[in-house]
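# Per-entry structural report
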Amino acid sequence: MNPKEELKSIVNSGRIPNSLLFQGPNGSGKLKSAVDFANNVLNIGAQNTTNIIENISHPDLHIIFPIPSSEKKKENSCDLYINEWRDFVLENNFSVTTKDWVDKLETKKQPQISIQIVSDLSKKLSLSSFASGYKVVLFWMADRLNEEASNKLLKLVEEPGNKTVFLFIIDKNKSLLKTLESRCQKISFKKSGTNEFVNNDHHEKIFSELTR
């Protein structure tokens, strides 16, 4: 079963795992697939459906990604970078890497997901969902969680709130804290046309030129 079918089957079953791990090489479509899955989960039972693919935004979608560390506590927040991250992802049609993000930030520091970011997330998840449905947390480049943050996050994953889903996205050959990874249902991606959302325009152009 390919990732597209597997994710569709999960949504249709109505039995949504509390944590999934999207893993594969660059260009395999894992980020866009994760956002699409989040969209489907957030629309379960909703009176007014939404399409978060267009702007990657929803009041019950929390996006976590690596950022440069700062000595100022208030600056260690994904909220300060979220608009920049959304623009970055959408401008590149969801095909982005950690290096691309570092270049975008123009920083010499290696971005990471710190314990402060996870602590802030914990406070947000303690609140009721905006639409009285699911809350989804999307971790982009989750392998950038440092050990302290991973251990704190593990407690959230082990005891999730009602209808809370964690989506972890990592590159091939990257990994999470073993105890954290063991609690995830794994969705494996390959860099091929069999995955959903992979852009095949380049291949179609070559095929068209060959047939002519």
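Up top is the structure these notes are about.
Read on for an overview of the structure. (Residues numbered from 1 in each chain as written. Predicted model: local features only at pLDDT ≥ 70, side-chain atom pairs only at ≥ 80, totals over all residues. Heavy atoms only, no water.)

### A closer look at the overall build of the protein
The secondary structure content of the protein amounts to eight helices and five strands. Taken over the C-alpha trace, the protein has a radius of gyration of 17 Å; the compact-globule value for 212 residues is 17 Å, and the two agree within 12%. Looking at the 212 residues of the protein, the share that counts as buried comes to 46%. Sequence-distant contacts, at least 24 apart, represent 74% of the contacts inside the protein between residues at least 6 apart. A total accessible area of about 11800 Å² is found for the protein, and carbon and sulfur atoms account for 45% of it. (Helix = DSSP H or I, 4+ residues; strand = E, 2+ residues; numbered from the N terminus. Rg over C-alpha atoms; globule rule 2.2 N^0.38 Å. Buried < 20%, exposed > 50% of the residue type's maximum accessible area, 1.4 Å probe, protein only. Contact = heavy atoms within 4.5 Å. Areas by Shrake-Rupley, 256 points an atom, 1.4 Å probe, with all protein chains shown as cover.)

### Some remarks on the environment of Gly-27
With respect to the helices and strands, Gly-27 occurs in the loop between strand 1 (19–24) and helix 2 (30–42). Of the residues examined, Gly-27 reaches a relative accessible area of 32% and is grouped as partly exposed. When the C-alpha positions of Gly-27 and Phe-189 are compared, they lie 9.5 Å apart, and in sequence the two are 162 residues distant.

### Concerning the sheet that holds strand 1
With parallel pairing, the five strands of this open sheet are ordered in space as 2-3-4-1-5. Every other strand in the sheet has two partners, leaving strand 2 (61–64) and strand 5 (185–188) as the edge strands with one partner each. The sheet shows a mean angle of 20° between the axes of neighbouring strands, direction not considered. Where strand 1 lies against strand 4 (residues 164–171), six bridges are found, and the strand directions are parallel. Along strand 4, the bridge assignment pairs Gly-24 with Asp-171. (Pairing = 2+ DSSP bridges. Axes fitted to C-alpha atoms, helices over the stretch in contact; angles between N-to-C directions.)

### Brief notes about helix 4 (residues 98–105)
Residues of helix 4 that are buried: Thr-98, Trp-101, Val-102 and Leu-105. Projected down its long axis, helix 4 carries its buried residues within an arc of 100°, all on one side. Phi turns positive one or two residues past the end of helix 4, at Glu-106, with a value near 55°. (Arc of directions from axis to C-beta.)

Any link to function would need more than the numbers given here.
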